[in-house]
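# Inside the fold
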Amino acid sequence: MGSGPLYWWFVEYLPKRFLGLPKWQAVVARSVTDAWTLMPFFYFPIFYQVKEAIFWDGKTPLSEVPKIAARKYIDGFVPDIISSTQVCVPINIVLFSSVPSHFRVPALSLFGFIWILTLSSRRGAHENEKELESSQ
């Protein structure tokens, strides 16, 4: 039942990493492990690469797009970790403590959709403000 990397991460891998801990310590450990491994080293690099590819202006050489995305990833690393920790850890605590394992990925997808809208609007607004300031 289930397939894909998220299913493996949330249903197979994380629950088995902290079996020796009491329930709430294991829930918090799984939540923090997710927020400080999956988000910064997989999610955000992919987010910035896809975002730069989608909003590529056609004037910038295509070979520069991954470099621009990498720069934005590095520049936003700490604020992104803080934001994702503030949002994802509480959500994951609810998911790991209350949601049956076979419903975690669908529930996470719903929260993920809301998160990506928030992240996109926050990052998009920030870049638009910089562009307006530099054009004046």
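Given the structure is predicted, the values throughout are model-derived calculations rather than measurements. Every chain is numbered on its own, with residues counted from 1 as its sequence reads. Reporting of local features is limited, given that this is a predicted model, to residues whose pLDDT is at least 70; pairs of side-chain atoms are given and counted only at 80 or more, and all residues count toward the totals for whole chains, interfaces and linings. Side-chain metrics in this entry use all non-hydrogen atoms of the structure; hydrogen atoms and water are not considered.

## Some points on the overall build of the chain
Strands are runs of DSSP state E lasting at least two residues, helices are runs of H or I lasting at least four, and both sets are numbered from the N terminus onward. When you go through the chain residue by residue, the secondary structure sums to five helices and zero strands. For the chain, the α and β elements follow one another from N to C terminus as α-α-α-α-α. Across the 136 residues of the chain, 33% fall into the buried class. Sequence-distant contacts in the chain: of pairs separated by 6 or more residues, those separated by 24 or more amount to 71%. In the form shown here, the chain has an accessible surface area of approximately 8,600 Å², with 69% of it arising from carbon and sulfur atoms. For each residue, the accessible area found with a 1.4 Å probe, counting protein chains only, is set against the maximum for its type, and the residue is called buried under 20%, exposed over 50%, and partly exposed in between. Whether two residues touch is decided by their heavy atoms; if any such pair falls within 4.5 Å, the residues are in contact. Exposure was quantified through the Shrake-Rupley algorithm and a 1.4 Å probe, taking into account, for residues, occlusion by the shown protein chains and nothing else.

## Topic: the environment of W56
Looking at where W56 falls in the secondary structure, it is placed in the loop between α2 (23-54) and α3 (65-75). On the accessibility criterion, W56 (36% relative accessible area) is partly exposed.

## Examining the side chain of D34
Position of D34 among the secondary structure elements: in helix α2. His is not counted here, nor are the chain ends, while Lys and Arg score as positive and Asp and Glu score as negative. Throughout this description, the term salt bridge denotes a Lys or Arg side-chain nitrogen within 4 Å of a carboxyl oxygen of Asp or Glu. Here D34 occupies a buried position and makes no salt bridge, while the nearest side chain of opposite charge, R30, is found at 11 Å. Ignoring anything within four residues of it in the chain, the contact list for D34 reads W9, F10, L14, M39 and N92.

## Observations concerning the pattern of salt bridges
Counted by the stated rule, this structure contains three salt bridges. Notably, a salt bridge pairs K16 with E12, separated by 3.1 Å at the nearest N-O pair. Of this pair, K16 and E12 are both found in helix α1 (residues 5-17), four residues apart, which corresponds to roughly one turn of the helix. The exposure class of E12 is partly exposed, given its relative accessible area of 30%. With a closest N to O distance of 3.4 Å, K67 and E64 form a salt bridge. Judged by its relative accessible area of 52%, K67 is exposed.

## Examining the confidence of the model for the chain
Low-confidence regions, as indicated by low pLDDT, have predicted coordinates that should not be scrutinised in detail. Per-residue confidence from the predictor is reported as pLDDT, which spans 0 to 100. Predicted confidence across the chain gives a mean pLDDT of 83, with 88% of residues reaching 70 or more. Mean pLDDT in the chain bottoms out at helix α5 (residues 101-135), which sits at 72, and peaks at α3, which reaches 94.

## Looking at the packing of α2 against helix α4 (residues 77-98)
An axis is simply a line fitted to the C-alpha atoms; with a helix, the fit covers only the stretch in contact. Between two such axes, the angle follows the N-to-C directions and lies from 0 to 180 degrees. Contact geometry for α2 and α4: axes closest at 8 Å, N-to-C directions at 135°. With respect to their mutual orientation, α2 and α4 come out oblique. Between α2 and α4 the crossing geometry is right-handed. Relative orientations are named as follows: roughly parallel for angles under 35 degrees, roughly antiparallel for angles over 145 degrees, roughly perpendicular for angles from 65 to 115 degrees, and oblique for any other angle. A crossing counts as left-handed when the near helix is turned anticlockwise from the far one by less than a right angle, and as right-handed when that turn is clockwise.

## Quick word on the packing of aromatic side chains
Only centres within 6.5 Å qualify two rings of Phe, Tyr or Trp (six-membered ring in Trp) as a pair; their planes then separate them into stacked at under 30 degrees, edge-to-face at over 60, and tilted for everything else. Here the structure, examined in full by the defined rule, presents nine aromatic pairs. Seen in terms of ring centroids, W8 and W9 are 6.3 Å apart; in terms of plane orientation they differ by 45°. Their pairing is tilted. Classification of W8 by relative accessible area gives partly exposed; the value is 45%. The exposure class of W9 is buried, given its relative accessible area of 11%. For the ring pair F41 and F77, a centre distance of 6.1 Å and an interplane angle of 45° mean the geometry is tilted. A residue pair is termed long-range when its members are at least 10 positions apart, and F41 in helix α2 and F77 in helix α4 qualify at 36 residues. Cluster of aromatic residues (ring-pair linked, three or more members): F41, Y43, F44, F47, Y48, Y73 and F77.

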